[in-house]
Amino acid sequence: MSQVVVVGGGVLGVSAAAHLAQRGARVTLLTEAGLASEASGRSLSWLNSAGDFPPAYHRLRLLGLDRYRALGTHVSFRGGLRWGDGVRASYEHQSAIGYPARWLTRDDVAARVPGVDPAAVPEEGALFNPDEGWVDLPALVDRLARDLVAAGGEVRTGVGRCAPVMTGGRVTGVRAGDGAVVGADAVVLATGAGVPGALAGLGVHLPDATSDALLVRTAPVDTPLAAVLNTPRVALRPAPGGALVMDAGWSEAEVVRRDDGGFDVHDSTVAGLLQEAAAVLAGRPELTVESYGVGRKPIPGDGHPVLGPVPGVGGLHVAFTHSGATLGLIAGELLAGEVLGEGPSPLLAAFRLERFAA
Ligand SMILES: Cc1cc2nc3c(=O)[nH]c(=O)nc-3n(C[C@H](O)[C@H](O)[C@H](O)COP(=O)(O)OP(=O)(O)OC[C@H]3O[C@@H](n4cnc5c(N)ncnc54)[C@H](O)[C@@H]3O)c2cc1C
């Protein structure tokens, strides 16, 4: 039986670890702080394949959505509504490739997407994707960690910064923050924004486009909104407990990264996001902030996932991706198969680290 150490308690690490344990590996999950303490704890988590993606990436994202539908818990599939520049072209692309898409007039929006103010929708209309939804990632991460333990695995939180231990070009374990080493036949590095730095320490280059990110959560709101909204000034969705969560490109750009690595968020940024959200909701409800999460959002240099073995480092596998909410379940499943020696998954062929070598 293989001994596998997974480093990183976000959705990718916990998903890979649970799948590995369920397929018979002896698995230890090590993570620096708590579970879902980074991007997975403050994600908009819109489940979609809405972009103009290469076919292999679109297929992987669709499989990601399927896995969530099969799971059936911690998810809501009540559709996604989008408007603004380029959305009509997106509708045409989606229709051409068979991605479920409807073009809605303002009246259609009023009738079919409760909670939205139709007056906020441009005259040309909006794009509705009925098969989209969102996932409650912290709850999912918790559930996957319990699945891991139920399958005989171990979860160690608060172990500090971990690093792979190398012996003769192979990874033989992981050193935790306190210096303790856990031996391993294979290691999965799923440390989110920390992945490129960890690989650089092993002499492996992974182009990094990781950005700063901000997710604001409101106090409970009286709104029937069930869909995910993507509008020019704000993206938002419902959240457990009657809250809304939201982010935007402009608000990310206003996050200030301090020299000590921490982050500052201006009150005006949070207030501005709440205002933008209220402006797209029926009845323009007064929104108040309950909390916000700020930190790094992992993004590979070319925007596409990096999943699979690390070339030149025997036994080391990596999971580093944008849209990790959409991909969390499928990526963990496919990576687990590869770690267990089932051979390279054709579904991951387009997402190897080697592509950056050229
Ligand atoms: C604001 C925001 C909006 C988003 N919106 C969407 C969306 O709409 N749809 C979508 O699909 N995706 C979205 N994402 C992306 C998605 O949330 C992430 O891709 C996903 O959560 C990444 O998961 P991860 O497991 O790779 O990383 P993380 O969740 O960041 O987990 C990494 C873990 O590793 C730990 N760690 C780091 N370094 C070490 C170390 N050296 N030793 C031990 N532990 C370590 C960290 O503490 C952390 O727990 C969004 C993200 C953000 C932040």
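Just so it is clear, the structure is predicted and the values come from calculations on it, not from any experiment.

**Q** Describe in detail the environment of valine 5, supporting the description with residues and values.
**A** Position of valine 5 relative to the elements: it lies in strand β1 (residues 3-7). When the 28 C-beta atoms within 10 Å are taken as the criterion, valine 5 is described as buried. A sequence separation of 239 residues divides valine 5 from leucine 244, and the C-alpha atoms of the two residues are 36 Å apart. Setting aside residues no more than four positions away along its own chain, valine 5 makes contact with Thr28, Leu30, Gly173, Val174, Val182, Ala184 and Val187.

**Q** Run through the site of the ligand, naming residues and quoting values.
**A** Around the ligand, the surrounding shell holds 38 residues, and the nearest of these are Gly10, Glu38, Ser43, Gly192 and Gly324. For the shell around the ligand, the secondary-structure elements that each account for two or more residues are α1 (11-22), β14 (211-218) and α9 (324-339). Residue composition of the shell around the ligand, grouped by class: 15 nonpolar, 17 polar and 6 charged. Each of domain 1 (3-42 + 137-206 + 301-356) and domain 2 (80-130 + 211-297) contributes no fewer than three residues to the shell around the ligand.

**Q** Which residues make up the sheet that holds strand β8 (residues 133-135), and what values do they have?
**A** Within a beta sheet, neighbouring strands are joined by backbone hydrogen bonds and run either parallel or antiparallel to one another. Pairing is antiparallel across the open sheet formed by 3 strands, whose spatial order is β3-β8-β4. In this open sheet, the two edge strands, each paired with only one partner strand, are β3 (46-47) and β4 (75-76). Note that β4 and β8 share 2 bridges and pair antiparallel. Among the inter-strand pairings, valine 75 is bridged to a residue of β8, identified as valine 135.

**Q** Which residues make up the environment of phenylalanine 77, and what are the values?
**A** Along the chain, phenylalanine 77 turns up in the loop between β4 and β5 (80-82). For phenylalanine 77, a count of 19 C-beta atoms within 10 Å corresponds to the partly exposed category. Between the alpha carbons of phenylalanine 77 and alanine 200 there is a distance of 39 Å; along the sequence they are 123 residues apart. Phenylalanine 77 has contacts with Arg69, Asp131 and Gly133, leaving out every residue within four places of it along the chain.

**Q** Tell me what's going on with the pairing of strand β16 (residues 235-239), and back it up with residues and numbers.
**A** Buried residues dominate β16, accounting for 5 of its 5 residues. Sheet topology note: the strand β15 (residues 228-230)/β16 ladder contains 2 bridges and is antiparallel. Directly across from asparagine 230, in β16, lies its bridge partner alanine 235. Taken together, β15 and the strand that follows it, β16, pair antiparallel across an intervening segment of 4 residues.

**Q** Kindly report on the sheet that holds strand β12 (residues 181-183), identifying the contributing residues and their values.
**A** Here we have 3 strands laid out as an open sheet, ordered β10-β11-β12, and antiparallel in their pairing. Every other strand in the sheet has two partners, leaving β10 (163-167) and β12 as the edge strands with one partner each. Looking at each pair of strands side by side, their axes are set apart by 40 degrees on average, direction ignored. Of the strand pairs in this sheet, strand β11 (residues 170-175) and β12 are connected by 3 bridges, and their pairing is antiparallel.

**Q** Tell me about helix α5 (residues 137-150), and name the residues and values.
**A** Helix length check: α5 (14 residues) gives 20 Å between terminal C-alpha atoms against 20 Å at 1.5 Å per residue, within 8%. Contacts from the buried residues of α5 go to α1, β2 (26-30), β8, β9 (154-156) and α9. Remark: glycine 152 follows α5 within two positions and exhibits a positive phi of approximately 100 degrees.

**Q** Outline the domain arrangement of the chain, listing residues and values.
**A** Partitioning the chain into structural domains gives domain 1 (3-42 + 137-206 + 301-356) and domain 2 (80-130 + 211-297). If you average the C-alpha positions of domain 1 and of domain 2, the two centres end up 31 Å apart. Facing the 5 residues of domain 1 at the interface are 5 residues of domain 2.

**Q** Lay out the packing of helix α2 (residues 55-71) against α9 in plain terms, naming residues and giving numbers.
**A** Across the interface, α2 lies against α9 with an axial gap of 7 Å and an inter-helix angle of 95 degrees. In terms of axis orientation, α2 runs roughly perpendicular to α9. Every residue of α9 that contacts α2 at Leu60, Arg61, Leu63, Gly64, Leu65, Arg67, Tyr68 and Leu71 is listed here: Thr326, Leu327, Leu329, Ile330 and Glu333.

Analysis parameters
- Residues numbered from 1 in each chain as written.
- Predicted model: local features only at pLDDT ≥ 70, side-chain atom pairs only at ≥ 80, totals over all residues.
- Helix = DSSP H or I, 4+ residues; strand = E, 2+ residues; numbered from the N terminus.
- Buried ≥ 20, exposed ≤ 12 C-beta atoms within 10 Å, placed from the backbone.
- Contact = placed C-beta atoms within 7 Å.
- Near = placed C-beta within 6 Å.
- Nonpolar A, V, L, I, M, F, W, Y, C, P; charged D, E, K, R; others polar.
- Domains from an automatic or database assignment.
- Pairing = 2+ DSSP bridges.
- Axes fitted to C-alpha atoms, helices over the stretch in contact; angles between N-to-C directions.
- Expected span 1.5 Å × (residues − 1).
- Parallel < 35°, antiparallel > 145°, perpendicular 65-115°, else oblique.

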